[in-house]
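Coordinate inspection notes
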Amino acid sequence: MTDLAAVEALLYQEASFLDRPDLDRWIALYTEDAYYWIPATEDQVDPINHVSHIYDDRVMMEIRRRNFVHPRAASKDSLTRCSHLIGNITLKEQRADGVLLIESTQHVVVWYRDEQRLYAFNALHELKPTGSSFQIKSKRVNLINPEAPQRSLVIYL
Amino acid sequence: MQPIPDRNFDALVKPTKLHRSLYTDPDIFDLEMSRIWGEAWIYIGHESQVPNSGDYFTTHINHNIPVVMIRDKDATVHVLHNRCGHKGAKVVDKQSGNVRGALRCAYHGWSYRFDGSLLKIPNEQGYEDTGFDASDPCYSMQPLAQVASYRGFVFATLSNTITDLVSWMGGAIACFDNLCDRAPEGEVEVAGGVLRYEHDCNWKFILENLNDTMHPMVVHESLVKAAEAYIATLPPEAAEQRREAEIIPPFGASYENFEDSGITGFDYGHHYDGGKTSIHANYTVDPDYHSAMVAAYGEARSREIYAFNTHNVLYYPSLTIKCAVQNIRVIRPISVDRFVVESWSFRLKGAPDSMLQRTLLYSRLINSAMGMVGPDDLEVYRRAQQGLQCPTSEWVEFHRQYGKDRTLTDRVEGGGTSDLDMRTQYRAWKAYMEQTPHRGTNND
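First, a word on scope: everything that follows refers to the structure included in this document. (Residues numbered from 1 in each chain as written. Chains lettered and ligands numbered in written order. Predicted model: local features only at pLDDT ≥ 70, side-chain atom pairs only at ≥ 80, totals over all residues. Heavy atoms only, no water.)

A word on the interface of chain A and chain B
- With 38 residues of chain A at the interface, the matching set in chain B holds 41 residues.
- Overall, the association of chain A and chain B removes approximately 3500 Å² of surface from exposure, summing both partners, and the carbon and sulfur fraction of that is 56%.
- When the buried surface of chain A facing chain B is broken down by residue, Val51, Ile63 and Arg113 of chain A rank first, second and third, together holding 17% of it.
- Here chain A and chain B share eight salt bridges between them.
- Notably, a salt bridge pairs Asp376 of chain B with Lys76 of chain A, separated by 3.8 Å at the nearest N-O pair.
- The interface formed by chain A and chain B contains 19 residue pairs in polar contact (both at pLDDT 80 or more). (Contact = heavy atoms within 4.5 Å. Buried area = accessible area lost by both parts, 1.4 Å probe. Salt bridge = Lys/Arg side-chain N within 4 Å of Asp/Glu carboxyl O. Polar contact = N/O pair within 3.5 Å; in protein donor to acceptor, adjacent residues only side chain to side chain.)

So, in structure tokens, the structure goes:
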């Protein structure tokens, strides 16, 4: 049985960087071949032949990270602050190469443009062991309402 | 704000300026819903969304009238008012799906054929000798006043009197042809799902922005700079493989480039920018796609199809399409300061999967509510919605290149950075609001 304490510590660390947000330190948690995915439908299997809200590899994460803090990005003039609450952390799978598939339930309150909003999702993290901790190989955010009309979101969840 | 007397639209729309109440007054919004959205041809969906008998897709034709598009047993696609002929309950509730046999109301079980005609009323003998006439269309699910389809794109209208769909589209129909001709098999189909994006501002802002070529280098500067700066750090061969490197930087194109693309306006408020060139003109042509095109059309005709390169085409007021990218955005107002945009993608039949994959990449980068272009556009619309509450000026101006538009037989052409698109839209807006839509022509 893998000790989930180190997994929990990593998820809490990621959440704390996103809450501030501090994307420079957040992106350092990810591997060079990582991707970040918010599918547009429930149980979406394919990020390439079906549209997604976000499907970024490391290159697009780097671009988005720079865009989020660019002084000429009008949509980012408003403060963005988040509060992640994480529960139900479960080990779904441990692969032969040591990579863990971790499922969690996350509720994120986002403060943006004079408005407080709630996002709820099931998160799937692929974690690659690095000695005492992990790096994130991928994160999949399964919103409970991916088909609904969405409001502008200018931060990673 | 002074009350605007009905029919005095001359007081609201001038040749180079609009009254701010067009964006803020709920009474004007209500009039728009009945006189523009209740009169114009409104895009409903694509036939490929309902391939088999009983397949349906539901939407609204304006801010609140529910309709259902359904495929009949003889393959006809109907668009019906989504209302039971009995107590008025909406009959089909889900967004899409398939019904077997008949449409059935969830309340008292009245059922309807796929053409909307009444099939059966449970315990029907209670209606005997009551004067009830089951053949009266008011007890059926009634079809829209007019329904028509062009190359698979289904439109409907609440109006009995508006001219037929093809005449209504006029010269702008060439863009539907170009979108479909880009398929080696000459047909497109909906693929890869839909994104829905809620906008908290007046619906007209997005239409005005489609051919507003004075905004991209300002509004989207941050993305272009962020992308260029990071892509420059990549090895050249890695950068060349990034399709994002073709899609993002043209948003920062110069005023001169946009001026060269030109704007063309048509009757009934339709217009596009580009034609000879656009921000989509320099995309790499996938060699497998090109081979399939040449096999279907020959080299010269294929080049001709690629060369007609528009950016955004507006079929006023409900639909905007990108021929070169193969996606469309469908507009649906909700209230004076709210609307929803749906982004749909299309597969070019006979083209390699890479073409659809580029379309979907474009949609998630540019059109997604979590994308890097849409949120900056919405931000500036929203600021306009707020700023227009100021009573210091009653007007929104659009003078750019006024007096320089060139009027041809069926269209008006002008510079790519002109406000020709605004003049085209609001000529139509005023004509619809005055209930004389046929006068919304460029020769008026």
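A word on the environment of Glu189 of chain B
Residues and elements named next belong to chain B.
- If you trace the backbone, Glu189 turns up in strand β13 (residues 188-199).
- For the pair Glu189 and Gly45, spaced 144 residues apart in the sequence, the C-alpha separation amounts to 11 Å.
- Ignoring anything within four residues of it in the chain, the contact list for Glu189 reads His46, Ser48, Ser345, Phe346, Arg347 and Lys349. (Helix = DSSP H or I, 4+ residues; strand = E, 2+ residues; numbered from the N terminus.)

What to know about the layout of surface pockets
Residues and elements named next belong to chain B.
- Here the largest pocket defines a volume of roughly 560 Å³.
- Together, 24 residues line the largest pocket, and Glu208, Asp212, Val396, Glu397 and Met422 are the ones closest to its centre.
- Counting only elements with at least two residues in the lining of the largest pocket, the list comes to α5 (204-210), α14 (374-387), β20 (395-397) and α15 (420-433).
- Residues of the lining of the largest pocket, tallied by class, amount to twelve nonpolar, six polar and six charged.
- Reported here for the second largest pocket is a volume of approximately 370 Å³.
- Taken together, 24 residues form the lining of the second largest pocket, with Thr59, His60, Gln95, Arg332 and Glu342 sitting closest to its centre.
- With five residues, the top contributor of residues to the lining of the second largest pocket is strand β18 (residues 327-335).
- Here the lining of the second largest pocket is built from residues that sort into eleven nonpolar, seven polar and six charged. (1 Å grid on protein atoms, 1.4 Å probe; cavity = no way out; pocket = protein on both sides within 12 Å on 5 of 7 lines; lining within 4 Å. Points joined across faces, edges and corners; volume = space filled by probe spheres on them. Nonpolar A, V, L, I, M, F, W, Y, C, P; charged D, E, K, R; others polar.)

Some remarks on helix α11 (residues 287-297) of chain B
All names here are of chain B.
- Turning to α11, its buried residues are Tyr289, His290 and Met293. Within α11, the buried residues cover an arc of 95° as seen down the axis, which keeps them to one side. Exposed residues pointing more than 90 degrees away from the buried face of α11 are listed as Pro287, Asp288 and Ala295.
- Where α11 is buried, its residues touch α4 (173-181), α12 (299-307), β19 (338-348) and α13 (353-367).
- Phi turns positive one or two residues past the end of α11, at Gly298, with a value near 85°. (Buried < 20%, exposed > 50% of the residue type's maximum accessible area, 1.4 Å probe, protein only. Arc of directions from axis to C-beta.)

Let's talk about the packing of α11 of chain B against α12 of chain B
Residues and elements named next belong to chain B.
- Following both chains from N to C, one finds α11 and α12 inclined at 120°, their axes separated by 7 Å at the closest point. Judged by the inter-axis angle, α11 sits oblique to α12. Considering the relative orientation of α11 and α12, their crossing is right-handed. Where α11 abuts α12, its residues Tyr289, His290, Met293, Val294 and Tyr297 lie against Glu299, Arg301, Ser302, Arg303, Ile305 and Tyr306.
- A per-class count over the contact of α11 with α12 returns six nonpolar, two polar and three charged. (Axes fitted to C-alpha atoms, helices over the stretch in contact; angles between N-to-C directions. Parallel < 35°, antiparallel > 145°, perpendicular 65-115°, else oblique. Left-handed = near helix turned anticlockwise from the far one by under 90°.)

With respect to the sheet that holds strand β22 (residues 412-414) of chain B
Residue and element names in this part refer to chain B.
- The strand order β13-β19-β18-β17-β16-β15-β14-β22-β21 describes an open sheet built from nine strands, whose pairing is antiparallel. The open sheet is flanked by β13 and β21 (406-407), the only strands paired with a single partner.
- Summarising the sheet, strand β16 (residues 309-315) and strand β17 (residues 319-322) pair through three bridges and their orientation is antiparallel. Paired with Leu314 across the two strands is Thr320, which belongs to β17. (Pairing = 2+ DSSP bridges.)

Remarks on the environment of Asp46 of chain A
- Turning to its location among the elements, Asp46 of chain A is positioned in the loop between β1 (30-39) and β2 (52-57).
- The partly exposed category is assigned to Asp46 of chain A, whose relative accessible area is 24%.

Section: the pairing of strand β12 (residues 153-157) of chain B
Residue and element names in this part refer to chain B.
- β12 sits mainly inside the fold: five of its five residues count as buried.
- Where strand β3 (residues 42-46) lies against β12, four bridges are found, and the strand directions are antiparallel. Each residue of the ladder has a partner; that of His46, found in β12, is Phe153.
- Where strand β11 (residues 146-150) lies against β12, five bridges are found, and the strand directions are antiparallel. Within β12, the residue paired with Ala148 across the bridge is Phe155.

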